[in-house]
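Residue-level structure breakdown
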Amino acid sequence: MTSSSSTPESRPRQGMDYGESEEVQQVHAAIQREKREPRVGLEPLSIWLIAVYGLAIFFGGAYLGRFSGTFSGDSLDPALVPAAKKAAAAGPGGGQQAAELSPAERGKKVFLANCATCHQATGLGVPGQYPPLAGSEFTTGGSRRPAMIVLKGLQGPVKVKGQQYGSAVMQPWESLGDQKVADVVTYERSEWGNSASPVTKEQIAALRKELAGHPASFNEPEILGAPNEDLPGGEQGAQQQPSAPPQGSAPPSTPGAQPPKP
Amino acid sequence: MKGFTSLVLGIFGTLAFSWIGLAYIPNLQIGHLDPQMEEDGSDAYPVPKSGMAERGRRVYVANGCFYCHSEQVRADYAGADIDRKWGDRRSAPRDYIFDRPALLGRLRMGPDLSNIGKRAPAEAEAAASPAANASASPAPAGSPAPATANPVTAASTPASSAAQSPAASPASAAANPAASPAQSPMATASPGASPGVTAANSPSGTPALYSTAWHYQHLYAPRSLNIDSNMPAYRFLFDKRHIGGEPAADALKLRGNDAPTEGYEIIPNYDAKCLVAYLMSLDQSHPLKEVKSMAAPPSPPAPGKAPQ
Amino acid sequence: MMNSPDPLIGPTEIPLRAPASVTDLTASDADQVERALIDASVRVPVLLFYATAIAWLLLGTFLSFLASFKMHSPDFLSDVAFLTWGRIRPAQMNIMLYGWGSMVGMGTAIWLMARLCRTTLRHPLLLFVGGAFWTLGVFLGVIGIFIGQSTGFPWLEFPSYAAVVLFVAYSLIVSWAVLMFRFHRSDPIYITQWYLLAAFLWFPWIYLAAQVMLFIAPVQGVLQAAVNWWYANNLLFLWFGSLGLGTAYYMIPKVIGRPVYSYHLAAIGFWTYAFFASWTGMQQLVDGPFPAWMVTASIAAMILCVIPFATVGLNHHMTMRGYFPLMRYSPTLRFTVFGAISYTAFAAIGVIISLRTFTHFLHFTEVSVGYSEVGLYAFYSMIMFGSMYYIMPRLVGREWRYSSLIKIHFWASAYGIGLMTLMLLAGGFVQGLNMDNPTLAFTESTQSVLPYLRGRTLAEILLIVAHGVFAYHFVLMILGLGRAADVPTFLNPLEPDTEELVAH
């Protein structure tokens, strides 16, 4: 489909004769009337445009600097987070990161996830079935016994606070890991009106090694056979107690406050 | 020709600059994250999804669900996502390390789904009382006023579901409608996925919100659960079968125009099951150390009950 | 509109207003022959690209209408798997991007490159095979989406078997472009050639980078979304934007016969565009699970993009100054200037909706869809239409037959995209306000945007009319049924004193 659109005679030939080829097509009208190829002028930049550039660079740069957090990979918030909103959200109960929880608070989470089913969140247990932990001589005495029970479990009849229990079996919780066991025992010993010394994970680790050869669960005589003392090595957590554990069954009472772990 | 080389170099250089800045450096920063774990290796988060859930992700992608639904929760200062109970905290890069593709989404013609699995009722409740739940279930109505007036909403949880956040279990066993005061404001601001339910449908027969049965019915006939919904129906994910002997366990309970003709039942096909498995696996509630958790304060523990 | 009957007054002798520049204004005889040869040599490939592009345009516009309709009437045709909205939407987008947009851009670029390099088409086989493979790739990809094998990445949904075909096709085409450049005889390199060369070189790199980082050696987690949006944004700015700007830089000065206003502005506009536009993209991920600096860098780049957008806009404006009335007559000029003005609007909207102050309630709404439409249609497609109105007569030797059809095309397109933009931006705004208010149920936000989506469907109908008319007109041209004339088809009868100025 060459330019045979209009008959040749209605189109003025350009008189070209380059000798290159006879079939130099008729230059159809569209090309004939076409203007030359575009070219560029050389007007200078206007000062106003440069002012616009400057403004754009300034604002762009300022924006970049202000809202980039710390330019690091874990800085998900731009720096300017309204303080009021953050404070409000971090208010009652929410907004605490795991790293800032105290041992008792961590222990509470462990307790609720694992122990509350039987011992109840109130620590009161279920009469006849699950012994209470609140005010129990086992939790408020030395830390060795409750730690042993948590690590290895308990089965068989047991008397707590004058009541007889024995139908249920408590499973061992060795799999929880030293920190969690320490936290939950700390929690038990400081909640529901209990105020006994906390337990650290080093103590639990040592106890675990000590009990390594022991088969699964303890029973009551074995627990009662263990000294009612605090586990050795509690200098990190205890406020008042020296490293030497006290003898005797009088529980060393640490009034109230739990020392915050760093 | 002299300008050609510098032109090509400039073209290459400017694109390389942006590629390094926006693709390469972020890859160095957040491209090789590991799951968060306790020291002893327990409690890893996130974990790869199960086979059915992964296949469900394929179904999700194939049907373009991500064009309307997002899967990212914004921080509280950036949007109303947390106020709408779409999550306890904002999403972080670590939440998505096993997602391929990571379906963040960029439009919300439908609500955000990052925690839709977490907001499902606990299995026992969903199975036990599909009918009784409807009255307690999504009273978070379209208008705030009736919702606040409804004390039965989001009743306190029984001990067995202590792990659920309060707003996540509207479908509580109707046995204990002791609404704690902290929960009504949450009910007002709740996801509002089905404001019209209690009004439009009779209390019996509507599955618990975000349970698997609810998802099946929502995929088959969205407007039977929420007349304001704009979601298309995905009937091709279901089979219509003649009822043989007994109705199948997972047959949809439909009414009105949606119900099949007499003697037939609608059951989800395997793609639908995988898709719902995927949806039920969407849960970003696990706390991450790098992100502040915005969980609403837990209500004071009533005797015998202490929600987490 | 009629053949000049007097053989003594040929078209080259039309009396001009500025006699001193008579010989300057129209091409010399040698140039004309050269151009004729060039046009003849590129005729078939360009027509093939155009014809395929228009076919995809028709299909894409229809699917676009269907998708828009289903958004507010979700039960329409929802029982069939391949007609579900979630499959039609990506199919439609990909057809418009790779079927229509890329093919028409490449067709125009072929002609422009040939003309500007002042060389006839060499290695035409590369173009034929490349074009055929490209169409095949798009076809395979669309089928793949309909049968449920979309990849899940917006604007990259073609399954890998289609992507491979596309990439092979593209390699052929880009090697052709580079080869052409080697033979070019014009010195210095004109502005359009910068943009076209840049577009041709940028596209394979962004496409390859995206394919590698998403499918071949996938990056982890959220970075997939980052790479996805880096690619999508660069596709819009660096591929379509460059093709559109390059074309506008040719068509505007060519039609009005005046030089581009300033070389300095053009150079600054080009390099700052290359620099900053490629850094935008992450603002689609604002407040998402990303380091804040990534998103802010993109927003800052968007602010800095004011520089190239303002520069190019000013350049075009000053070039056109005094000649705006010519838009009344020339279809090419009308479409192209519409596109160029939309370019500035595109920038302004982009900066505003990227700022964190507004993303708070504009994110996740239809506003981002409207913004893409302004870029893809109001800017790019309109400029491409303008270029087709200019180039087609040179390829088929006939003029466009009916000025009324051109007018219908223009006004239906202009009103269509105008209505669509208005509906999506306003609807998205309302949607965002409602979504940001936690006391309202979520469905309030979707309900509030439905009326606007219905308006958008109306706009889609206008676009169907526009494209249908254009396709019909194009078919007439291909069949040789255009007007035989010496003067182009003007949209309105010429005033006596403008005739010579618009003899393009």
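Anything mentioned here points back to the structure above.
Not measured: the values here are computed from a predicted model. (Residues numbered from 1 in each chain as written. Chains lettered and ligands numbered in written order. Predicted model: local features only at pLDDT ≥ 70, side-chain atom pairs only at ≥ 80, totals over all residues. Heavy atoms only, no water.)

The next thing to look at is the overall build of chain C. Summing up its helical and strand segments, chain C has 15 helices and 0 strands in all. Computed over its C-alpha atoms, the radius of gyration of chain C comes to 23 Å, within 12% of the 23 Å expected for a compact globule of 504 residues. The C-alpha extent of chain C, read off along each of the three principal axes, is 80 × 45 × 45 Å. Burial analysis of chain C (504 residues in total) assigns 69% to the buried set. (Helix = DSSP H or I, 4+ residues; strand = E, 2+ residues; numbered from the N terminus. Rg over C-alpha atoms; globule rule 2.2 N^0.38 Å. Buried < 20%, exposed > 50% of the residue type's maximum accessible area, 1.4 Å probe, protein only.)

What follows is about the overall build of chain B. What chain B contains, in helices and strands, is 10 helices and 2 strands. Along the chain direction, N to C, the helices and strands of chain B fall in the order α-α-α-α-α-α-α-α-α-β-β-α. Going through the 308 residues of chain B one by one, you find that 56% of them count as buried. Pairs at least 24 apart in sequence give 69% of the contacts found in chain B among residues at least 6 apart. (Contact = heavy atoms within 4.5 Å.)

Our focus in this paragraph is the packing of aromatic side chains. To describe a pair of aromatic rings, you give the distance between the ring centres and the angle between the ring planes. All chains considered together, the criterion is met by 64 aromatic pairs over all chains. Ring geometry for C:Trp134 against C:Phe203: centres 6.0 Å apart, planes inclined by 55°, an arrangement best described as tilted. With a gap of 69 residues between them, C:Trp134 in helix α4 (residues 124-146) and C:Phe203 in helix α6 (residues 191-216) connect regions that are remote in the sequence. One exposure class covers both C:Trp134 and C:Phe203, and it is buried. Within the aromatic cluster, the residues linked to one another by ring pairs are C:Tyr98, C:Trp134, C:Phe158, C:Phe167, C:Tyr170, C:Phe200, C:Phe203, C:Tyr207, C:Tyr231, C:Trp239, C:Phe240 and C:Tyr380. Sitting above the plane of the B:Tyr220 ring, B:Arg235 keeps its charged end 4.6 Å from the centroid. The ring of B:Tyr264 has B:Lys240 lying over it, and the distance from NZ or CZ to the ring centre is 5.2 Å. (Phe/Tyr/Trp six-rings, centres within 6.5 Å; stacked < 30°, edge-to-face > 60°. Lys NZ or Arg CZ within 6 Å of the ring centre and 35° of its normal.)

Okay, unusual backbone geometry next. B:Pro46 follows B:Tyr45 through a cis peptide bond whose omega is -5°. Checked against the element boundaries, B:Pro46 lands in the loop between α1 (2-30) and α2 (51-62). Looking along the chain, the bond that leaves B:Arg100 and enters B:Pro101 is cis, with omega of 0°. With respect to the element layout, B:Pro101 can be found in the loop between α2 and α3 (123-128). The phi dihedral of C:Leu77 is positive, around 50°, even though this residue is not glycine. Note that C:Leu77 resides in the loop between α2 (29-72) and α3 (85-117). Exposure remark for C:Leu77: the relative accessible area of 39% places this residue in the partly exposed category.

For the rest of this paragraph, the subject is the side chain of C:Thr359. Tracing the backbone through its elements, the reader meets C:Thr359 in helix α12 (residues 356-362). Residue C:Thr359 is classed as buried on the basis of its relative accessible area, which comes to 3%. Ignoring any residue separated from it by four or fewer positions in sequence, one finds C:Thr359 in contact with B:Arg74, C:Val286, C:Asp287, C:Ile353 and C:Ser354.

Facing 79 residues of chain B, the contacting portion of chain C comprises 90 residues. Taking both partners together, chain B and chain C bury about 7,200 Å²; carbon and sulfur atoms supply 65% of that area. At the boundary of chain B and chain C, one finds 1 salt bridge. For C:Asp75, the salt bridge identified is with B:Arg223, shortest N-O distance 2.9 Å. The interface formed by chain B and chain C holds 24 residue pairs in polar contact (both at pLDDT 80 or more) in total. Counting residues per element, the ones that place at least two in the side of chain B that touches chain C are α1 and α2 of chain B. Counting residues per element, the side of chain B that touches chain C draws most heavily on α1(B), at 22 residues. A breakdown of the residues in the side of chain B that touches chain C according to their chemical character gives 45 nonpolar, 22 polar and 12 charged. (Buried area = accessible area lost by both parts, 1.4 Å probe. Salt bridge = Lys/Arg side-chain N within 4 Å of Asp/Glu carboxyl O. Polar contact = N/O pair within 3.5 Å; in protein donor to acceptor, adjacent residues only side chain to side chain. Nonpolar A, V, L, I, M, F, W, Y, C, P; charged D, E, K, R; others polar.)

Moving on to the pattern of salt bridges. Per the counting criterion, the structure on display carries 21 salt bridges over all chains. We note a salt bridge from A:Arg106 to A:Asp183, for which the minimum N-O separation is 2.8 Å. With A:Arg106 in helix α4 (residues 103-114) and A:Asp183 in helix α8 (residues 178-188), this pair connects stretches of sequence that are 77 residues apart. Each member of the pair, A:Arg106 as well as A:Asp183, is classed as buried. The network of salt bridges with shared partners includes B:Arg74, B:Asp81, B:Arg108 and B:Asp112.

Before going further, it helps to examine the packing of helix α2 (residues 47-66) of chain A against helix α9 (residues 292-304) of chain C. Closest axis-to-axis distance for the α2(A)/α9(C) pair is 8 Å, and the angle between their directions is 175°. With respect to α9(C), the element α2(A) is oriented roughly antiparallel. Residues A:Ala56, A:Ile57, A:Phe59, A:Gly60, A:Tyr63 and A:Leu64 of α2(A) pack against C:Thr296, C:Ala297, C:Ile299, C:Ala300, C:Ile303 and C:Leu304 of α9(C). Looking at the contact of α2(A) with α9(C) residue by residue, the classes come out as 10 nonpolar, 2 polar and no charged. (Axes fitted to C-alpha atoms, helices over the stretch in contact; angles between N-to-C directions. Parallel < 35°, antiparallel > 145°, perpendicular 65-115°, else oblique.)

Its 37 residues give helix α15 (residues 442-478) of chain C an end-to-end C-alpha distance of 52 Å, which sits within 8% of 54 Å, the value for a rise of 1.5 Å per residue. The sharpest bend along α15(C) comes to roughly 35°, located at C:Leu450, with the proline C:Pro451 sitting one to four residues further on. (Expected span 1.5 Å × (residues − 1). Bend = angle between axes of the 7 residues up to and from the residue.)

Attention shifts here to the pairing of strand β2 (residues 264-268) of chain B. Residues and elements named next belong to chain B. Most of β2 sits inside the fold, with 4 of its 5 residues counted as buried. Both strand β1 (residues 238-242) and β2 contribute to a ladder of 5 bridges, which runs antiparallel. Its bridge partner being in β2, Asp239 is matched across the sheet by Ile267. (Pairing = 2+ DSSP bridges.)

Here we take up the nonpolar core. Residue and element names in this part refer to chain C. One finds Tyr98, Trp111, Trp134, Tyr231 and Trp239 to be the most contacted residues of the largest nonpolar core, which totals 234 residues. If you tally residues by element for this core, the top one is helix α7 (residues 223-256), at 23 residues. In contact with Tyr231, other than residues within four places in its own chain, are Tyr98, Trp155, Leu156, Phe203, Ile206, Tyr207 and Ala210. (Core = buried A, V, L, I, M, F, W, Y, C linked by side-chain atoms within 4.5 Å.)

Here the focus is helix α11 (residues 331-354) of chain C. Under the 1.5 Å per step criterion, the end-to-end length of α11(C) is 34 Å for 24 residues, consistent within 8% with the ideal 34 Å. Across the 24 residues that make up α11(C), a large majority, 18, are buried.

Our next topic: the packing of α7(C) against helix α8 (residues 263-277) of chain C. Residue and element names in this part refer to chain C. Packing of α7 against α8 leaves a shortest axis separation of 11 Å and a crossing angle of 170°. When the interaxial angle is binned, α7 and α8 end up roughly antiparallel. Considering how the two elements wind past one another, α7 and α8 form a crossing that is left-handed. The residues of α8 that touch α7, namely those facing Asn233, Asn234, Phe237, Leu238, Gly241, Ser242, Leu245 and Tyr249, are Ala266, Tyr273 and Ala277. Of the residues contributing to the contact of α7 with α8, the split by class is 7 nonpolar, 4 polar and no charged. (Left-handed = near helix turned anticlockwise from the far one by under 90°.)

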